Amino acid sequence: ISCSGGYVTGIDVSQNYSRFSNLQVQATNSAGFTWNISGTNCDVDKCIIEGARANHIFLMFGTNSLRNSLLVNRASSSPLIASLKNGVAVTNCTFAVPSDKTAATNAVITQYTTSTFENCAFFGVSGVASGGAANFTTCYTNVGSPPSGCTTATYNTSQFVNITDATRDYRIPSGSALIGAGTTDATNSPVDIANTTRVAPWDVGCWQYVSAAAGQVKKIDGLAIASVKAILGTAKGSLKKWDGLTL
């Protein structure tokens with residue numbers, strides 16, 4: 001769903017018990033608002049939410065849940081990414097501003113009833129939260145002095161595949177500090193944003209890291225494995241690994 005108009009909202013929901021999953025929603029206008037949810041007992045799961053607004057792009061107000069989702073504010077000046085008020089439960093979400101944009105003053109604003117954040121990543125920000133009504137459990141951020149429950153990690157391609165505005169690839173690569181750093185929560189996040197089954201202990205953020213399976217490499221530079229063995233002068237069946245990967 002793409003919204004290009006100014007001062008309009010891509011999705012505006014006031015109905016209680018609304019459910020959303022597997023959506024990609026963006027607002028491309030600097031005045032456009034991506035998503036507003038004012039109903040209660042609503043659930044957003046496995047969604048990509050992007051905007052280019054110099055304020056929060058996503059608002060959720062009430063006893064609702066936000067899970068396994070990626071929220072990216074692409075504005076040149078980004079004071080916030082999301083406004084989550086009145087007791088929102090957030091699990092395994094990634095909040096980010098691309099590295100070549102101005103860091104958000106805070107990833108989220110929380111007010112009134114306490115919102116909870118578990119296994120969440122907050123990167124490309126100067127602060128994690130404002131408003132004071134928030135609890136964090138096994139979360140990660142680039143902020144040097146984060147709130148209790150958050151751990152600091154450098155915002156670079158050691159943590160995510162690509163963090164620039166042109167690519168915005170927030171999957172986590174091998175060696176990321178987010179791998180296995182979360183709290184196992186089979187109730188709220190048994191699968192990730194791509195519907196991949198999570199492995200305990202959970203990874204932090206919306207994506208679960210998946211390593212290459214043994215036997216996955218079938219060709220090298222377009223050549224079948226049998227041809228590669230012949231080129232190397234190795235007897236068929238004796239070459240078992242190539243650069244550490246099982247053939």
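Residues numbered from 1 in each chain as written. Predicted model: local features only at pLDDT ≥ 70, side-chain atom pairs only at ≥ 80, totals over all residues. Heavy atoms only, no water.

> Which residues make up the confidence of the model for the chain, and what values go with them?
For the chain, mean pLDDT is 88; residues scoring 70 or higher make up 85% of the total. In this model, residues 214-220 is a region of pLDDT below 50 whose contacts with residues beyond four sequence positions or in other chains number 15 contacts. (pLDDT = per-residue confidence, 0-100. Contact = heavy atoms within 4.5 Å.)

> Please set out the state of the cysteines residue by residue, giving values where relevant.
Throughout the structure, instances matching the rule amount to zero disulfides. Left without a disulfide partner, Cys93 is nearest to the cysteine sulfur of Cys120, which lies 5.1 Å away. Of the residues examined, Cys93 reaches a relative accessible area of 0% and is grouped as buried. (Disulfide = S-S within 2.5 Å. Buried < 20%, exposed > 50% of the residue type's maximum accessible area, 1.4 Å probe, protein only.)

> Let's hear about the sheet that holds strand 4 (residues 24-27): which residues, and what values?
Strand order in the open sheet formed by eight strands is 1-4-7-10-13-16-19-20, with parallel pairing between adjacent strands. Edge positions in the sheet fall to strand 1 (2-3) and strand 20 (150-152), since each of these pairs with one other strand and no more. Pairing analysis gives two bridges linking strand 16 (residues 121-123) to strand 19 (residues 139-141), with the strands arranged parallel. When the bridges of strand 19 are listed, Phe122 appears paired with Thr141. (Pairing = 2+ DSSP bridges. Helix = DSSP H or I, 4+ residues; strand = E, 2+ residues; numbered from the N terminus.)

> Give me the lowdown on the sheet that holds strand 3 (residues 19-21), citing residues and values where you can.
Taken in spatial order, the six strands line up as 3-6-9-12-15-18 in an open sheet, and their pairing is parallel. Looking at the sheet topology across the chains shown, the edges are occupied by strand 3 and strand 18 (134-137). For this sheet, the mean inter-axis angle between neighbouring strands, taken without regard to orientation, is 10°. Judged from the three bridges that link them, strand 6 (residues 43-45) and strand 9 (residues 65-67) form a sheet pairing that is parallel. Bridge pairing in strand 9 places Asp45 opposite Arg67. (Axes fitted to C-alpha atoms, helices over the stretch in contact; angles between N-to-C directions.)

> Can you explain the packing of aromatic side chains? Please cite residues and give values.
Applying the stated rule across the entire model yields eleven aromatic pairs. Their ring planes at 80° and their centres at 5.7 Å tell us that Trp35 and Phe58 sit as a pair that is edge-to-face. On the criterion of sequence distance, the pair formed by Trp35 in strand 5 (residues 33-37) and Phe58 in strand 8 (residues 58-61) is long-range, its members being 23 residues apart. Since its relative accessible area comes to 0%, Trp35 is described here as buried. Pairing Phe160 with Tyr170 gives two aromatic rings, centres 5.2 Å apart and planes at 70°, and the pair type is edge-to-face. Taken as a pair, Phe160 in the loop between strand 20 and strand 21 (219-220) and Tyr170 in the loop between strand 20 and strand 21 lie far apart in primary sequence, ten residues in all. According to the relative accessible area criterion, Phe160 is buried, its value standing at 1%. Note on Tyr170: relative accessible area 1%, which makes it buried. Members of the aromatic cluster, connected to one another through ring pairs, are Phe95, Phe117, Phe122 and Phe136. (Phe/Tyr/Trp six-rings, centres within 6.5 Å; stacked < 30°, edge-to-face > 60°.)

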